[in-house]
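Commentary on secondary and tertiary structure
Chain by chain, the residues run as shown.
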Amino acid sequence: MKTAILTDSTAYIPQELRDRWNIHMVPLSVTIGGETYREEVDLSTGDFYDMVRGAQELPKTSQPSIGVVTNKLEELSAEYDAVVAITLSSGISGTYQAIASADDMVDSIDLHVFDSEISCMVQGFYVLEAAEMADNGATPEQILARMNEMKSSIRAYFMVDDLSHLHRGGRLNGAQAIVGSLLQVKPVLHFVDKVIVPFEKIRTRKKAVKRVKGLFEEVAEKGQPMKATIIHANREEDAQEILDELQEKYPHVEFGLSYFGPVIGTHLGEGALGIGWFEK
């Protein structure tokens, strides 16, 4: 059986890696000033932050249509017997449901949909692992079993510079606890039960970044082989500095640098920083 690996654009896997591992992608979209762009296709991340900086109106984001998904599945069915689709968390987007719904419309390929319950390159960890397994001839069932195994150690913590993006976009569960005057804090956030919730309220950016690093270090100090990613919203220099510092301290960790692209960046805002990881 030949298995395709499909994901959505919010995994932010660079094109060269997608090409290398035959990873297929359906894009989410962002609408800015009445114009709709498919992220990672029509709009680069750098251009996105330039376009929305200082904008009064928050861009709108949208999941792939069922039509786009069914077209992609039909295209894959010409070459593959099965597809494992790995999506961003169903708690913050309807993408999982859109892909799952397409299963009823395409009989020519065996579809398995996996909810990463997270997003960005942490979702990408699942995708890259799945792609390597598929390349080595693993079945969809073997791939899904490995995904569920990885889920036990996958973690991500991130801080945002301006909580109003998450609040206005309706993506922060429990926002009533930290609105009003508390919008001045730099909260550390994480995913719990598929949605974004506050982990800790911190007063300054510097302390919030330090706390995120500390949460990673608590795990890294155990010495287990790990993969980790530093993720930034148009703060590459800051993210690279964190990566360099942690790489020197933890040679047993395989580090990478990634970014919050247009769709996730709409909800987190410029300046967000995070670290995600899993134990191999």
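Provided above is the structure to which this section pertains.
Because the structure is predicted, anything quoted here is derived from the model rather than measured. (Residues numbered from 1 in each chain as written. Predicted model: local features only at pLDDT ≥ 70, side-chain atom pairs only at ≥ 80, totals over all residues. Heavy atoms only, no water.)

Comments concerning the overall build of the chain
The condition is simple: The way it works is that DSSP assigns letters per residue, a run of H or I at least four long becomes a helix, a run of E at least two long becomes a strand, and they are numbered from the N terminus. Our radius of gyration looks at C-alpha atoms and nothing else; its globule reference is 2.2 Å times the residue count to the power 0.38. The classification of residues rests on relative accessible area computed with a 1.4 Å probe and restricted to protein chains. Under 20% of the type maximum is buried, over 50% is exposed, and intermediate values are partly exposed. All accessibility values rest on the Shrake-Rupley procedure with a 1.4 Å probe; residue burial counts only the protein chains present in the view.
On a plain count of helices and strands, the chain comes out with 10 helices and 13 strands. The globule rule puts the C-alpha radius of gyration for 280 residues at 19 Å, and the 18 Å found for the chain is close to it. Based on the C-alpha atoms only, the size of the chain along its principal axes is roughly 55 × 50 × 30 Å. Per-residue burial over the chain gives 54% buried out of 280 residues. Looking at the chain as shown, the accessible area adds up to about 12,500 Å², and 45% of this sits on carbon and sulfur atoms.

As for the pairing of strand β8 (residues 155-159)
Counted only if it meets this: Paired strands, as defined in this entry, are two strands with at least two bridges between them according to DSSP.
For β8, the buried fraction is high: 4 of the 5 residues fall into the buried class. As paired elements, β8 and strand β13 (residues 273-279) share 5 bridges and run antiparallel to each other. Bridged to R155 within β13 is W277. With 3 bridges joining them, β8 and strand β9 (residues 188-192) adopt antiparallel strand pairing. Each residue of the ladder has a partner; that of F158, found in β9, is L189.

With respect to the pattern of salt bridges
Our working rule: Salt bridges are defined as contacts in which a side-chain nitrogen from Lys or Arg sits within 4 Å of a carboxyl oxygen from Asp or Glu.
The final tally for this structure, using the stated rule, is 20 salt bridges. For E57, the salt bridge identified is with K60, shortest N-O distance 3.4 Å. The same class applies to E57 as to K60, namely exposed.

Concerning the sheet that holds strand β2 (residues 23-26)
Each strand in a sheet pairs with another by means of backbone hydrogen bonds, the pair being arranged parallel or else antiparallel. What counts here: Lines are fitted to the C-alpha atoms to define the axes, a helix being fitted only along its stretch in contact, and any angle between axes, read from their N-to-C directions, falls within 0 to 180 degrees. Note on contacts: a residue pair qualifies if any of its non-hydrogen atoms lie within 4.5 Å across the two residues.
Spatially, the 4 strands line up as an open sheet ordered β2-β1-β6-β7, and their pairing is parallel. In this open sheet, the two strands that pair with only one neighbour each are β2 and β7 (110-115). In this sheet, adjacent strand axes meet at a mean angle of 25° when their direction is disregarded. Strands β1 (3-8), β2, β6 (82-87) and β7 of the sheet are contacted by helix α5 (residues 120-135), whose axis makes an angle of about 165° with β1. Contacting β1, β6 and β7, helix α6 (residues 140-151) runs over the sheet at an angle of about 0° to β7.

Quick word on the sheet that holds strand β12 (residues 253-259)
What the 6 strands build is an open sheet, ordered β10-β9-β8-β13-β11-β12; its pairing is mixed. The two strands at the open ends of the sheet, each matched to only one other strand, are β10 (195-200) and β12. Strand-to-strand twist of the sheet, defined as the mean angle between neighbouring strand axes without regard to direction, takes the value 25°. By the bridge criterion, 7 bridges tie strand β11 (residues 226-232) to β12 in an arrangement that is parallel.

Focus on the packing of α5 against α6
Keep this limit in mind: Should an angle lie under 35 degrees it is considered roughly parallel, over 145 roughly antiparallel, and from 65 to 115 roughly perpendicular; all remaining angles are considered oblique. For any pair of crossing helices, the crossing counts as left-handed if the nearer helix is rotated counterclockwise from the farther one by less than a right angle, and right-handed if it is rotated clockwise. Note that Gly is not counted as nonpolar here; it falls among the polar residues with everything else outside the nonpolar set of Ala, Val, Leu, Ile, Met, Phe, Trp, Tyr, Cys and Pro and the charged set of Asp, Glu, Lys and Arg.
Relative to each other, α5 and α6 sit at 150°, their axes nearing to 10 Å. Taken together, the axes of α5 and α6 are roughly antiparallel relative to one another. In the crossing of α5 with α6, the sense of the turn from one axis to the other is right-handed. Only Q142, I143, R146, M147, M150 and K151 of α6 make contact with α5, whose side of the interface consists of F125, Y126, E129, A130, M133 and A134. Class assignment of the residues belonging to the contact of α5 with α6 gives a composition of 8 nonpolar, 1 polar and 3 charged.

With respect to unusual backbone geometry
For E117, which is not a glycine, the phi torsion comes out positive at approximately 60°. Accessibility expressed as a relative area gives 28% for E117, which makes it partly exposed. Of note in this structure, D193 is not a glycine but carries a positive phi near 50°. Assessed through its relative accessible area of 69%, D193 is described here as exposed.

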